[in-house]
Amino acid sequence: MSATFPTSFLWGAATAAAQVEGAATEDGKGDSIWDAFAREPGAVAGGDTPAEGVDHYHRSAEDVALMRALGLGSYRFSTSWARVVPDGRRVNPAGLDFYSRLVDQLLEAEILPWLTLYHWDLPQALQEQGGWTDRETALRFADYAEAVHDRLGDRVQHWTTFNEPLCSALIGHVGGEHAPGWTDPVAGLAAVHHQHLAHGLAVRRLRELAGERAISVGITLNLTNAVPHDPDDPADLDAARRLDGLWNRLFLEPVLLGRYPEDVLADVEHLGLTDHVRPGDLETVAAPIDFLGVNHYHDDNVSGRPPAPGEPPSLRPTDRPGRSPFPGSEHLTFPSRGLPRTAMGWEVNPDGLRELLVRLGREYPGAPPLYVTENGSAWDDVVEDGAVHDTERVAYLHAHLDAVAQAITEGADVRGYFVWSLLDNFEWAWGYDKRFGIVHVDRATMARTPKDSALAYAAVIAAARADGTAGAPRVPERDA
Ligand code: PNW
């Protein structure tokens, strides 16, 4: 790879609390919806649960040392709401101790903490009161944001409200393969609006609390290019419009423009989304943000035609049979384009990332700077003589970094990249079997072994720094 990056480019790696921490009942932590969901038979492959994670809770010093050795400029992690507010109401200072320690370890290593407040682990106590289908949960979220800020606001400047609301709202409440495991399109759309509202309330609360102190607040969305299978077929063009609407614009437009997309509202009219929207809500949702996080793994090749007779319905590889996560667009199918696929069954097409980043700048000219907050791939890694020669992951990483560099030359305002993931971890409904880490974790011993991809990433970072960015990373941002 020969790409060059701006000298201020931020190089990071990401994880999420429920996927890595473990220590699910330690120091007063309460159940999250993922703890509860994973205990339901058949919910997670292999009966795996987040209970042990990869023991990041006890090994954060070792993990931060690893990050430092790789030359990372930033670590994107999430705080567990169920650790901080176990019963949904009372703050648990012992839970915050862990994050306070972690932040100190990061700062000591000159690694910028990049904190996400919600990466899908709602306290089960709040789920029992309706969870995201209840508007009250949005108010509780702003209180939780305040509790975390009270403890860490003196040291953490970069705050992300939500990671991929579409997954927790639609895959969790409509497709059913994520917690809480519902299959109810009406509930899914209520969750969408209440998460938007929670985002806006938290953005405002964090700014109030920061006062004069510089703070950078944003959201991370999971965005895709919706590719019509046959661009000459009106059914496929309509399918691509629907997927782009539900996957991208249903989240981009409220947050960036303060409105729900008209065509999506028409498609879901019978499902009550607008019943949840009260006067003033959309202004709250569109509270100005300082950056937009973009998670991208793959494009979606989509069709509006039913499968040919005798052919199975082509769901997305991670959807459960017969359960579409697309409210009002359950007929969408996802035929293969014959591209190579990762262990998740996701197509590899690096140019999609370039296209997406360029398109965001073009279609949302007022959008804040972009950070790729997740990109990565799962493969069937093999440990040989204490090393993991993950050639596919190295190739995926190089190709996607080239795509980011190319997007920048084409005008996209991309300020940083976080690889998913620092460590092999609990891959939600797929359990520990799907490995996304650039660092291998042995489940029996929890031993960490950097894979070839970690070394390749370290080399890219070192080369970029040698180009002139030696020293601590700087993150110039609008308003920051
Ligand atoms: C993201 N899809 O989830 C999450 O933010 C991570 O926690 C997760 O481990 C990672 O990607 C890999 O899966 C996604 O259906 C879930 O396209 C589903 C999709 C994409 C990303």
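Here, every reference points to the structure presented above.
What you see is a predicted model, and the numbers here were worked out from it, not measured in a lab.

What counts, and at which threshold
Residues numbered from 1 in each chain as written. Predicted model: local features only at pLDDT ≥ 70, side-chain atom pairs only at ≥ 80, totals over all residues. Heavy atoms only, no water. Helix = DSSP H or I, 4+ residues; strand = E, 2+ residues; numbered from the N terminus. Rg over C-alpha atoms; globule rule 2.2 N^0.38 Å. Buried < 20%, exposed > 50% of the residue type's maximum accessible area, 1.4 Å probe, protein only. Areas by Shrake-Rupley, 256 points an atom, 1.4 Å probe, with all protein chains shown as cover. Lys, Arg positive; Asp, Glu negative; His and termini not counted. Salt bridge = Lys/Arg side-chain N within 4 Å of Asp/Glu carboxyl O. Polar contact = N/O pair within 3.5 Å; in protein donor to acceptor, adjacent residues only side chain to side chain. Contact = heavy atoms within 4.5 Å. Phe/Tyr/Trp six-rings, centres within 6.5 Å; stacked < 30°, edge-to-face > 60°. Axes fitted to C-alpha atoms, helices over the stretch in contact; angles between N-to-C directions. Parallel < 35°, antiparallel > 145°, perpendicular 65-115°, else oblique. Left-handed = near helix turned anticlockwise from the far one by under 90°. Nonpolar A, V, L, I, M, F, W, Y, C, P; charged D, E, K, R; others polar. Core = buried A, V, L, I, M, F, W, Y, C linked by side-chain atoms within 4.5 Å. Near = heavy atom within 4 Å. Pairing = 2+ DSSP bridges.

S.K.: Describe in detail the overall build of the protein chain, supporting the description with residues and values.
M.R.: In terms of regular secondary structure, the protein chain is built from 15 helices and 14 strands. Computed over its C-alpha atoms, the radius of gyration of the protein chain comes to 21 Å, within 12% of the 23 Å expected for a compact globule of 480 residues. Reported as C-alpha extents along the three principal axes, the dimensions of the protein chain are approximately 55 × 50 × 45 Å. Within the span of the protein chain, comprising 480 residues, buried residues form 62% of the whole. For the protein chain, the computed accessible surface area is about 17100 Å², with 51% contributed by carbon and sulfur atoms.

S.K.: Describe the side chain of Asp-299, naming the residues involved and giving the relevant values.
M.R.: Turning to its location among the elements, Asp-299 is positioned in the loop between β7 (291-295) and β8 (300-302). With no salt bridge to any partner, buried Asp-299 finds its closest opposite charge in Arg-337, at an N-O distance of 4.4 Å. Here the side chain of Asp-299 touches Asn-225 through a polar contact of 2.9 Å, side chain to side chain. Among the polar contacts listed, one links the side chain of Asp-299 to the side chain of Asn-349, at a separation of 3.1 Å. When residues no more than four places from it in sequence are discounted, the contact partners of Asp-299 are Thr-224, Asn-225, Val-227, Arg-337, Asn-349 and Gly-352.

S.K.: Describe the packing of aromatic side chains, and please don't skip the residues or the numbers.
M.R.: This structure, assessed with the given rule, holds 34 aromatic pairs. For the pair Phe-5 and Trp-11, a centre-to-centre distance of 4.8 Å together with 75 degrees between the ring planes defines the contact as edge-to-face. Each member of the pair, Phe-5 as well as Trp-11, carries the same accessibility label: buried. Aromatic pair Trp-120 and Trp-428: ring centres 4.5 Å apart, planes at 40 degrees, arrangement tilted. Placement of Trp-120 in the loop between β3 (112-118) and α6 (124-127) and of Trp-428 in the loop between β12 (414-420) and β13 (439-441) is noted, with a sequence separation of 308 residues between them.

S.K.: How would you explain the packing of helix α9 (residues 185-210) against helix α10 (residues 234-257) if you had to name every residue and give the values?
M.R.: It is at 11 Å that the axes of α9 and α10 come closest, and there the two elements cross at 30 degrees. Classed by the angle they form, the pair α9 and α10 counts as roughly parallel. Considering only the axes of α9 and α10, their crossing is right-handed. In this structure, α9 contributes Leu-189, Val-192, His-196 and His-199 to the contact, and α10 contributes Leu-250, Phe-251, Pro-254 and Val-255. The residue inventory of the contact of α9 with α10, partitioned by class, reads six nonpolar, two polar and no charged.

S.K.: Break down the nonpolar core for me, citing the residues and quoting the values.
M.R.: Grouped together as the largest cluster of nonpolar side chains are 131 residues, with contacts concentrated most on Phe-141, Trp-159, Leu-357 and Tyr-457. Ignoring any residue separated from it by four or fewer positions in sequence, one finds Tyr-457 in contact with Trp-11, Gly-12, Leu-72, Leu-397, Leu-401, Tyr-417, Val-419 and Ile-438. Of all hydrophobic cores here, the second largest spans 17 residues; its members include Tyr-297, Ala-378, Phe-418 and Phe-436.

S.K.: Break down the pattern of salt bridges for me, with residues and values.
M.R.: One pass over the full model with this rule turns up 38 salt bridges. Between Asp-143 and Arg-205 there is a salt bridge, with its nearest N and O atoms 3.1 Å apart. Of the two residues, Asp-143 sits in helix α7 (residues 136-152) while Arg-205 sits in helix α9, which places them 62 residues apart along the sequence. A residue is classified by how much of its surface remains accessible, and Asp-143, at 34% relative accessible area, is partly exposed. When its relative accessible area of 22% is taken as the criterion, Arg-205 is described as partly exposed. Between Arg-354 and Asp-351 there is a salt bridge; the shortest N-O distance is 2.6 Å. With a gap of three residues between them, Arg-354 and Asp-351 both fall in helix α13 (residues 351-363), about one helical turn apart. One connected set of salt bridges, linked through shared partners, spans Asp-238, Arg-241, Arg-242, Asp-244, Arg-249, Asp-263, Asp-267, Arg-359 and Glu-363.

S.K.: Quick rundown of the site of the ligand? Include the residues and the values.
M.R.: Taken together, 18 residues surround the ligand, and among them Gln-19, His-119, His-298, Glu-427 and Trp-428 come closest. The contact in question runs from an oxygen atom of the ligand to an N or O atom on the side chain of Gln-19, over 2.8 Å. Glu-427 has a polar side-chain atom sitting 2.6 Å from an oxygen atom of the ligand. Computed on the free molecule, the ligand has an accessible area of 450 Å², of which 97% lies beneath the protein chains in the complex.

S.K.: Describe the sheet that holds β7, naming the residues involved and giving the relevant values.
M.R.: The strand order β1-β2-β3-β4-β5-β7-β9-β12 describes a closed barrel built from eight strands, whose pairing is parallel. Across the sheet, the axes of successive neighbouring strands diverge by a mean angle of 25 degrees, strand direction being ignored. The sheet strands contacting α7 are β3 and β4 (158-163), and the helix crosses β3 at an angle near 155 degrees. Along the sheet, helix α8 (residues 165-175) contacts β3, β4 and β5 (216-222); its crossing angle with β5, the most-contacted strand, is approximately 45 degrees.

S.K.: Go over the packing of α8 against α10, please, and point to the residues and values.
M.R.: Relative placement of two packed helices is described by the angle separating their axes and the distance separating the axes. Look at α8 against α10: their axes get within 11 Å of each other, and the N-to-C directions meet at 125 degrees. With respect to α10, the element α8 is oriented oblique. Considering the relative orientation of α8 and α10, their crossing is right-handed. Across the interface between the two elements, Pro-165, Leu-166, Leu-170 and Ile-171 from α8 touch Leu-246, Trp-247 and Phe-251 from α10. Broken down by class, the residue content of the contact of α8 with α10 amounts to seven nonpolar, no polar and no charged.

These results come straight from atomic positions and should not be treated as a statement about function.
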